[in-house]
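Single-letter residue listing:
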Amino acid sequence: MTLRLPDANGSLRTYEPRGEPLALSSGSAFTSRTVFSAAHVVADPYADTTPDGPAAVDWDATLAFRRHLWAHGLGVAEAMDTAQRGMGLDWAGAAELIRRSAAEAKAVGGRIACGVGTDQLAAGTLDEVRRAYEEQLAVVEESGAQAILMASRALAATAKGPEDYLEVYGHLLRQAAEPVVLHWLGPMFDPALEGYWGSLDLDAATDTFLEVIAAHPDKVDGVKISLLDAQREIDLRRRLPQGVRCYTGDDFNYPELIAGDEQGFSHALLGIFDPLGPLAAEAVRVLDTGNTEGFRALLDPTVELSRHLFQAPTRFYKTGVVFLAWLAGHQDHFTMVGGLQSARSLPHFARAYELADGLGLFPDPKLAEERMRTLLSLYGVSQ
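All values reported here derive from a predicted model rather than from experimental measurement. Counting from 1, residues in each chain are numbered in the order their sequence is written. Residue-level local features of this predicted model are given only where pLDDT is at least 70; pairs of side-chain atoms are given and counted only at 80 or more, and the full residue set underlies all totals for whole chains, interfaces and linings. Note: side-chain values were computed over all heavy atoms of the structure, leaving out hydrogens and water.

K.L.:
How would you explain the overall build of the protein chain if you had to name every residue and give the values?
P.N.:
Broken down by element type, the protein chain carries 14 helices and 10 strands. With C-alpha atoms as the basis for the radius of gyration, the globule rule is written as 2.2 Å multiplied by the number of residues raised to the power 0.38. For the protein chain, the C-alpha radius of gyration of 20 Å lies close to 21 Å, the compact-globule estimate for 383 residues. On the principal axes, the C-alpha backbone points of the protein chain span a range of 60 × 50 × 45 Å. A total of 383 residues make up the protein chain; the buried ones form 57% of that total. We call two residues contacting when some pair of their heavy atoms lies within 4.5 Å. When contacts within the protein chain are restricted to residue pairs at least 6 apart in sequence, long-range pairs at least 24 apart make up 71% of them. Carbon together with sulfur atoms contributes 49% to the accessible area of the protein chain, which is approximately 15,200 Å² in total. Helical segments are the DSSP runs of H or I of at least four residues, strand segments are the runs of E of at least two, and each set is numbered from the N terminus. Relative accessible area decides the class of each residue, using a 1.4 Å probe on protein chains only: under 20% of the type maximum gives buried, over 50% gives exposed, and in between gives partly exposed. Surface exposure here means Shrake-Rupley accessible area, sampled with a 1.4 Å probe, where a residue is shielded only by the protein chains that are shown.

As structure tokens, this is what we get:
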């Protein structure tokens, strides 16, 4: 059977679903790269809440999805922007998510790292920003998870220049119990982070970022770069101190960055590895054998889907991620915390379905087709 899918011009086109999923299974742990998937949260569709109310999370489905990622050998990057931090999930909800996911990781032997931010603050002094970071760092460390120091909207609004970033991050790194991951999230993901590290000039900002790392290399496991600029990431990773990893967060250029070159490579901490989990895991295992061409052959075809999901406004990529999780059967509904399921258009969903189906990402293609038909019907598209 065929589907009538709307395009960006408002016309309908005929699409014939692929019908067969890729044959992928769980396997051994990775040996050549450390790979995290930033995982989404599953909303409770029956909760009587509003977009600006506290997040209502379906904990069973949320934790089941993390077990799915761990089963394929991926680490889970928890309570990151993919989990709607600052876009529907407040700090109280994030703290509970961290505690629950860390306990689940311990129970199943999964790797987990968790986001540390300042989202209990809208704004504040440098001392208040530092205390907010400290509160969240304590929660993550007490849970037994690795900490990811996320970019802070409050710090971006308060800092007068690079010296304020050096002071706050230096304080946090000195007191961190274990090496952390530093996350540089660009304004394309969050406009409130424009000018992070104290400058609109990315070269100057990079120098400040590297100065923070150079002062505390023993406390930095790695850096996550989310600027959607492959050459800038390559240039930066070549300047990192020995032993400090680069985790790509570039959802536009991840195959080439993970594959690397004669001077090095990036590990991965990616939101796109939420819908690509099993396929991404298979690709990394091929890379573990030294087969870079096989790795690229598996992962390169996924870039078109990723660029579609992460197209501007990039911060709404989470909507496409959850949409694909629904089509793939990882959750029973297409509802998001904060009502964010409304953040993308029907033509956007239609193209996401077409690209994902073409890649064979859906374990049950008929279920995905039926759910796509349901969505089309809700929008008034007859078949």
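K.L.:
Describe the sheet that holds strand β9 (residues 245-248), with residues and values.
P.N.:
DSSP bridges decide pairing: two strands pair if at least two such bridges lie between them. Strand order in the closed barrel formed by eight strands is β3-β4-β5-β6-β7-β8-β9-β10, and the pairing between neighbours is parallel. Taking the axes of each pair of neighbouring strands and ignoring which way they run, one obtains an average angle of 25 degrees across the sheet. Looking at chain direction, strand β6 (residues 146-149) and strand β7 (residues 180-185) are connected through two bridges and run parallel. Each residue of the ladder has a partner; that of Ile148, found in β7, is Val181. To get an axis, fit a line to the C-alpha atoms, keeping to the stretch in contact for a helix; angles then go from 0 to 180 degrees between the N-to-C directions. The strands touched by helix α1 (residues 59-71) are β3 (35-38), β4 (75-78) and β5 (112-116); relative to β4, the strand with the most contacts, the crossing angle is about 140 degrees.

K.L.:
Tell me what's going on with the pattern of salt bridges, and back it up with residues and numbers.
P.N.:
Pairing between side chains becomes possible if they bear opposite charge and their charged atoms approach one another. The term salt bridge refers to a side-chain nitrogen of Lys or Arg lying within 4 Å of a carboxyl oxygen of Asp or Glu. Applying the stated criterion across every chain, the model contains 20 salt bridges. Residue Arg85 is joined to Asp119 by a salt bridge in which the shortest nitrogen-to-oxygen separation is 2.7 Å. Linking Arg85 in the loop between β4 and α2 (91-108) with Asp119 in the loop between β5 and α3 (126-143), this pair joins segments that are 34 residues apart in sequence. Its salt-bridge partner being Asp127, residue Arg130 comes within 2.5 Å of it at the nearest N-O pair. Of this pair, Arg130 and Asp127 are both found in helix α3, three residues apart, which corresponds to roughly one turn of the helix. Taking the relative accessible area as the measure of exposure, Asp127 reaches 37% and is therefore partly exposed.

K.L.:
Can you break down α1 residue by residue, with the values?
P.N.:
Expected helix span is given by 1.5 Å per residue-to-residue step, counting one fewer step than there are residues. In a regular helix each residue adds 1.5 Å, so 13 residues correspond to 18 Å; α1 covers 18 Å between its end C-alpha atoms and thus fits that length. All of the buried residues along α1 are Trp59, Ala61, Thr62, Leu63, Phe65, Arg66, His68, Leu69 and Trp70. On its buried face, α1 is in contact with β3, β4, α2, β5 and α9 (277-288). Where α1 begins, the side chain of Asp58 points an oxygen toward the backbone nitrogen of Asp60, at a separation of 3.3 Å. Immediately beyond the C-terminal end of α1, within one or two residues, lies Gly73, with a positive phi of roughly 95 degrees. The definition of a polar contact used here is a pair of N or O atoms within 3.5 Å, where within protein one atom must be able to donate a hydrogen and the other to accept one, and adjacent residues in sequence count solely through side-chain atom pairs.

K.L.:
I'd like to hear about the environment of Thr319, residue by residue, with values.
P.N.:
Of note, Thr319 is situated in helix α12 (residues 317-327). Beyond its immediate stretch of four places on either side in the chain, Thr319 contacts Phe334, Met336, Leu340, Gln341, Ala343, Arg344 and Phe349.

K.L.:
Let's hear about empty space enclosed by the protein: which residues, and what values?
P.N.:
Residues are called lining when one of their atoms sits within 4 Å of a cavity or pocket point, these points coming from a 1 Å grid over the protein atoms alone, where a cavity is a set in which a 1.4 Å probe fits but cannot get out and a pocket is an open set with protein on both sides within 12 Å along at least five of seven lines. Grid points are joined across faces, edges and corners, and a volume is the space filled by probe spheres set on the points. Scanning the model with the defined rule gives one cavity of 30 Å³ or more in all. Of the volumes computed, that of the largest cavity is approximately 70 Å³. Together, 14 residues line the largest cavity, and Asp81, Lys224, Asp251, Gly271 and Tyr317 are the ones closest to its centre. Three classes are used: nonpolar for Ala, Val, Leu, Ile, Met, Phe, Trp, Tyr, Cys and Pro, charged for Asp, Glu, Lys and Arg, and polar for all others, with Gly counted as polar. For the lining of the largest cavity, the per-class residue count stands at six nonpolar, five polar and three charged.

K.L.:
Summarise the pairing of β9; cite the residues concerned and give the values.
P.N.:
Successive side chains on a regular strand alternate, one facing one side of the sheet and the next facing the other. Taken together, the four bridges between strand β8 (residues 220-226) and β9 define a ladder with parallel strand orientation. The partner of Ile225 across the bridge, within β9, is Thr248. Seen with its strands pointing away from the viewer, a crossover is right-handed if its path from the first strand over the helix to the second goes clockwise. Regarding the hand of the β-α-β motif, the stretch spanning β8, helix α7 (residues 230-237) and β9 is right-handed.

K.L.:
Before we move on, can you summarise unusual backbone geometry with the specific residues and values?
P.N.:
Residue Pro313 is bonded to the preceding Ala312 through a cis peptide linkage, with omega at -5 degrees. Of note in the backbone geometry, Gln84 takes a positive phi value of approximately 70 degrees without being a glycine. Tracing the backbone through its elements, the reader meets Gln84 in the loop between β4 and α2. A positive phi angle is found at Leu228, which is not glycine, with a value near 55 degrees. Among the secondary structure elements, Leu228 is positioned in the loop between β8 and α7.

K.L.:
Give a description of the side chain of Gln146 that names residues and reports values.
P.N.:
Checked against the element boundaries, Gln146 lands in strand β6. Since its relative accessible area comes to 18%, Gln146 is described here as buried. Residues contacting Gln146, with those up to four places away along its chain left out, are Phe36, Arg111, Ile112, Ala113, Cys114, Val140, Pro179, Val180, Val181 and Asp221.

K.L.:
Any details on the nonpolar core? Residues and values, ideally.
P.N.:
Here the nonpolar core consists of buried residues drawn from Ala, Val, Leu, Ile, Met, Phe, Trp, Tyr and Cys, with membership extended through side-chain atoms lying within 4.5 Å. Tyr169, Leu182, Tyr196, Phe273, Phe323 and Tyr353 are the most contacted members of the largest nonpolar core, which totals 119 residues. The biggest single contributor to this core is helix α13 (residues 346-359), with eight residues.

K.L.:
Can you lay out the layout of surface pockets for me, pointing to particular residues and giving the numbers?
P.N.:
Here the largest pocket is characterised by a volume of approximately 380 Å³. In terms of lining, the largest pocket is formed by 21 residues, of which the most central are Arg85, Gly86, Asp119, Arg153 and Asp190. A breakdown of the residues in the lining of the largest pocket according to their chemical character gives 10 nonpolar, four polar and seven charged. Listing elements by their share of the lining of the second largest pocket, those giving two or more residues are α1, α9 and α12.

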